[in-house]
Amino acid sequence: MCKKIVSVLFVLSISIYIILEVSTSLEAHNILRQHWFPEQHDTFLASLHSNDSTPPDEASSSPLLEDETQKRLPDCLIIGFSKCGTTALRGFLTLHPDIVSPLREIRYFTSHYEENLEWYKNQMPLSTAAQITVEKSAGYISTSESLERIRQMNASVKLVVMVRDPITRLQSEYARSVSKNSPRAPSFRTWCGGTAQSPSVLRLVDYATPLEQVFSLFPRQQVLVLSEELLEEKPLDILKEVYGFLGLKNTFEKTDLVFNEEKGFFCFNTSSPKYPKAKGSIVLNEKTGCLGSHKGRAHPEIGDRFFKELVDFIRPHNQRLFSLIGRKFNWPNFKGV
Ligand SMILES: Nc1ncnc2c1ncn2[C@@H]1O[C@H](COP(=O)(O)OS(=O)(=O)O)[C@@H](OP(=O)(O)O)[C@H]1O
């Protein structure tokens, strides 16, 4: 009997010793993580504090080496505007060795918010601690709710906003919309609501109101506003500006992109050693990888009278945008008017 008691006590004390050892080393892990990788540590904490009951993946609970890869929440978001070149910008940015980005729009803050940050993080490609994760969902800028959610995720996240000549954007949105119901497509003017002053026109040409919302939530230096025309004509200039904004060295070489006459756009040079990382584009011939047929649709003609109505209605909105951002874009439809 006495022998039995002694052996039970022995087993008990061994178990207590093991439990104490494990918890001390876990605590030490956590302290090391916090010291070496404060941002990931915050994410790790955020994931613990989110309403999700799923445990964080293994990678986020163990210390990492500098070049070890894991999935990370975005450091930079391209939040809009739709039809302003956001897909081309996202793709071209991935030519940089220090940028990773998921190939498609994740739309977490607009359409998948019932999921949690762990889910969002899982949609990201693997990256090293030195790389920047960029996600683009062009609809994020359109609701104040999604902007507020972005701020809750990370108030220091960098935001890129693409705008475009508002009349060209209207034409581009029209082309997308009628591509879905071609046989019964309304005329451009009818689609616009019959008048230049309609709410559907206003929603697409007023960049200033959503941007004011962005500036009310994020410091100005975290937001970069660029225009699509320059991306189309001189992608190198735009990429340089974004790399600078993200604190990255410009690694872009002229040979990374090639102008494709058939498509009318700069496309990836498929023989560039950086191309494989930028896949997701469609290869048109053995030299160029261009975005698919949903980019570069034919734009509708606009009758002279309606065009003038649009210009008159939109011009003050452009002025509001330019004063808000302290930068003026030389948009083709507003030259000399
Ligand atoms: N290099 C290159 N390749 C292809 N397309 C380019 C490029 N640069 C700019 N653009 C213009 O991008 C427009 C589509 O914008 P988005 O990608 O923001 O559209 S979307 O909201 O994500 O659907 C698309 O608009 P549309 O021409 O009206 O289709 C293009 O004009």
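Keep in mind that what you see is a predicted model, and the values were worked out from it rather than measured.

Its place among the elements puts Lys-83 in the loop between strand S2 (76-80) and helix H3 (86-93). At 6.4 Å, Glu-173 is the nearest oppositely charged side chain to Lys-83, a buried residue that forms no salt bridge. Excluding anything up to four places from it in sequence, Lys-83 contacts Arg-164, Arg-169, Ser-172, Glu-173, Arg-176, His-294, Lys-295 and Arg-297.

Now for the site of the ligand. Not every one of the 23 residues close to the ligand is listed here, only the nearest: Thr-86, Thr-87, Ser-172, Gly-296 and His-299. Between the ligand and Gly-85, the relevant distance is 3.0 Å, taken from an oxygen atom to a main-chain nitrogen or oxygen of the residue. Contact between the ligand and Thr-86: an oxygen atom at 2.5 Å from a side-chain N or O atom of the residue. Within the residue set of the shell around the ligand, elements represented by two or more residues are H3, helix H7 (166-180), helix H11 (228-233) and strand S9 (265-269). Here the shell around the ligand takes 4 residues from H3, the largest share from any one element. Taken together, the residues of the shell around the ligand break down into 6 nonpolar, 8 polar and 9 charged.

Residue position: Arg-169 is located in helix H7. Since its relative accessible area comes to 4%, Arg-169 is described here as buried. A C-alpha to C-alpha distance of 7.7 Å links Arg-169 and Val-205, two positions 36 residues apart in sequence. Setting aside its immediate chain neighbours within four residues, Arg-169 contacts Phe-81, Ser-82, Lys-83, Cys-84, Arg-164, Arg-203, Leu-204 and Tyr-207. Here the side chain of Arg-169 touches Ser-82 through a polar contact of 2.9 Å, landing on its backbone oxygen.

Ranked by size, the top nonpolar core spans 79 residues in total, and within it Ile-79, Leu-89, Tyr-120, Ile-150, Leu-211 and Leu-310 carry the most contacts. Not counting chain neighbours up to four residues away, the residues in contact with Ile-79 comprise Ser-137, Ala-138, Gly-139, Tyr-140, Ile-141, Leu-147, Ile-150, Leu-159, Val-160, Val-161 and Val-214.

When pLDDT is averaged across the protein chain, the result is 84; 79% of the residues are at 70 or more. Note on residues 18-62: pLDDT is under 50 here. Beyond four places in sequence and across chains, it has 40 contacts.

This brings us to the packing of aromatic side chains. Here the structure, examined in full by the defined rule, presents 19 aromatic pairs. Seen from their ring centres, Phe-109 and Tyr-140 are 5.2 Å apart, and the 75° between their planes marks the pair as edge-to-face. Within this pair, whereas Phe-109 is found in helix H4 (residues 108-111), its partner Tyr-140 is found in the loop between strand S5 (132-136) and helix H6 (144-153), the two being separated by 31 residues in sequence. When sorted by exposure, Phe-109 lands in the same class as Tyr-140, which is buried. Among the aromatic residues, ring-to-ring pairing joins Tyr-108, Phe-109, Tyr-113, Trp-119, Tyr-120 and Tyr-140 into one connected group.

Here 4 bridges tie strand S8 (residues 257-260) to S9, and the two strands are oriented antiparallel to one another. Within S9, the position partnered with Phe-259 by the bridge is Phe-266. Counting the residues that bridge the hairpin from S8 to S9 gives 4 residues, and of these Gly-264 lies at a positive phi of roughly 80°. Looking at chain direction, S9 and strand S11 (residues 288-290) are connected through 2 bridges and run antiparallel. Within the sheet, the bridge partner assigned to Phe-268 lies in S11 and is Gly-289.

The rules behind each value
- Residues numbered from 1 in each chain as written.
- Predicted model: local features only at pLDDT ≥ 70, side-chain atom pairs only at ≥ 80, totals over all residues.
- Heavy atoms only, no water.
- Helix = DSSP H or I, 4+ residues; strand = E, 2+ residues; numbered from the N terminus.
- Buried < 20%, exposed > 50% of the residue type's maximum accessible area, 1.4 Å probe, protein only.
- Lys, Arg positive; Asp, Glu negative; His and termini not counted.
- Salt bridge = Lys/Arg side-chain N within 4 Å of Asp/Glu carboxyl O.
- Contact = heavy atoms within 4.5 Å.
- Near = heavy atom within 4 Å.
- Polar contact = N/O pair within 3.5 Å; in protein donor to acceptor, adjacent residues only side chain to side chain.
- Nonpolar A, V, L, I, M, F, W, Y, C, P; charged D, E, K, R; others polar.
- Core = buried A, V, L, I, M, F, W, Y, C linked by side-chain atoms within 4.5 Å.
- pLDDT = per-residue confidence, 0-100.
- Phe/Tyr/Trp six-rings, centres within 6.5 Å; stacked < 30°, edge-to-face > 60°.
- Pairing = 2+ DSSP bridges.

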